[in-house]
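A look at the structure
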Amino acid sequence: MQRVADFLKAAGVYYLATVEGDQPRVRPFGTANIFEGKLYIQTGKVKPVSQQIHANPKAELCAFKDGQWLRVACELVEDDRVEARQSMLDAYPDLQAMYSADDGNTEVFYLKDATATFSSFTSAPEVVTF
């Protein structure tokens, strides 16, 4: 899991894919934080991505850096504890201009049953599960 978090942070931007009805939706994300042994991402409840995750929690993340890419298939599970939200905001201080742990909008999800695949054109894929 740490390797996945490190890759996502090093890439800076990764893409989160969700589903809205029968339409895939992909958008850039930038948060990845380990809290209490789980890998978390963050968004706002007012965003369509939040409604999509709540309707269908299956998602994929994808990032690319230095000729290697990472795909993570998982289920996203909301953690509604203020401590989880605050941990994310502490890890990403720039978010505090837009979010606070108790604003009713900040939302964090951890990755459950994740299968991460590291790939490149020059080596065999490596699979990590957590």
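See the structure shown above.
I will try to describe carefully the structure that is included in this document. (Residues numbered from 1 in each chain as written. Predicted model: local features only at pLDDT ≥ 70, side-chain atom pairs only at ≥ 80, totals over all residues. Heavy atoms only, no water.)

So, the packing of aromatic side chains
To keep it simple, the criterion reads: Any pair of Phe, Tyr and Trp rings, taking the six-membered ring for Trp, is counted once the centres come within 6.5 Å. Such a pair is stacked with planes under 30 degrees apart, edge-to-face with planes over 60 apart, and tilted for the rest. Put simply, DSSP H or I for four residues or longer makes a helix, DSSP E for two residues or longer makes a strand, and each gets a number counted from the N terminus. Exposed residues in this analysis have more than 50% of their type's maximum accessible area, buried residues have under 20%, and partly exposed residues fall in between, with area computed by a 1.4 Å probe over protein chains only.
This model, assessed by the stated rule, comprises 6 aromatic pairs. Ring centres of F7 and F118 lie 5.8 Å apart, and the angle between their planes is 75 degrees; on these two criteria the pair is classed as edge-to-face. Taken together, the residues F7 in helix α1 (residues 2-11) and F118 in strand β7 (residues 106-120) connect sequence positions 111 residues apart. The buried category is assigned to F7, whose relative accessible area is 9%. Accessibility expressed as a relative area gives 2% for F118, which makes it buried.

Regarding the state of the cysteines
What is meant by a disulfide is a covalent connection between two cysteines, made through their sulfur atoms. The criterion, for reference: Disulfide assignment relies on a single distance test, namely cysteine sulfur atoms paired within 2.5 Å.
On inspection of all chains with the given rule, the structure shows 0 disulfides. In this model C62 remains outside any disulfide bridge; the closest cysteine sulfur is found in C74, 12 Å from its own. Overall, C74 belongs to the buried group, its relative accessible area being 7%.

Points about the nonpolar core
Heads up, the condition is: Grouping buried Ala, Val, Leu, Ile, Met, Phe, Trp, Tyr and Cys residues that are joined through side-chain atoms within 4.5 Å yields what is termed a nonpolar core. Whether two residues are in contact is decided by their heavy atoms: any pair within 4.5 Å suffices.
Counting residues in each nonpolar core, the largest one holds 36 residues, and the members touching the most others are L8, L16, I41, L61, L76 and L111. For this core, the secondary-structure elements that each account for two or more residues are α1, β1 (14-20), β4 (38-44), α2 (48-55), β5 (58-65), β6 (68-78), α3 (82-91) and β7. Top element by residues in this core is β7. It accounts for 7 residues. Among all residues touching L61, those that are not within four sequence positions of it are L8, Y14, Y15, L16, I41, L70, R71, V72, C74 and L111.

A few points about the pairing of strand β2 (residues 23-29)
Regular strands show a simple pattern: their side chains alternate between the two faces of the sheet. So the rule is basically this: Here, strands pair whenever DSSP counts at least two bridges between them.
Sheet analysis places β1 next to β2, joined by 7 bridges and oriented antiparallel. Counterpart to Y15 in the pairing with β2 is P28. Connecting the antiparallel pair β1 and β2 is a turn made up of 2 residues, with G21 showing a positive phi of about 65 degrees.

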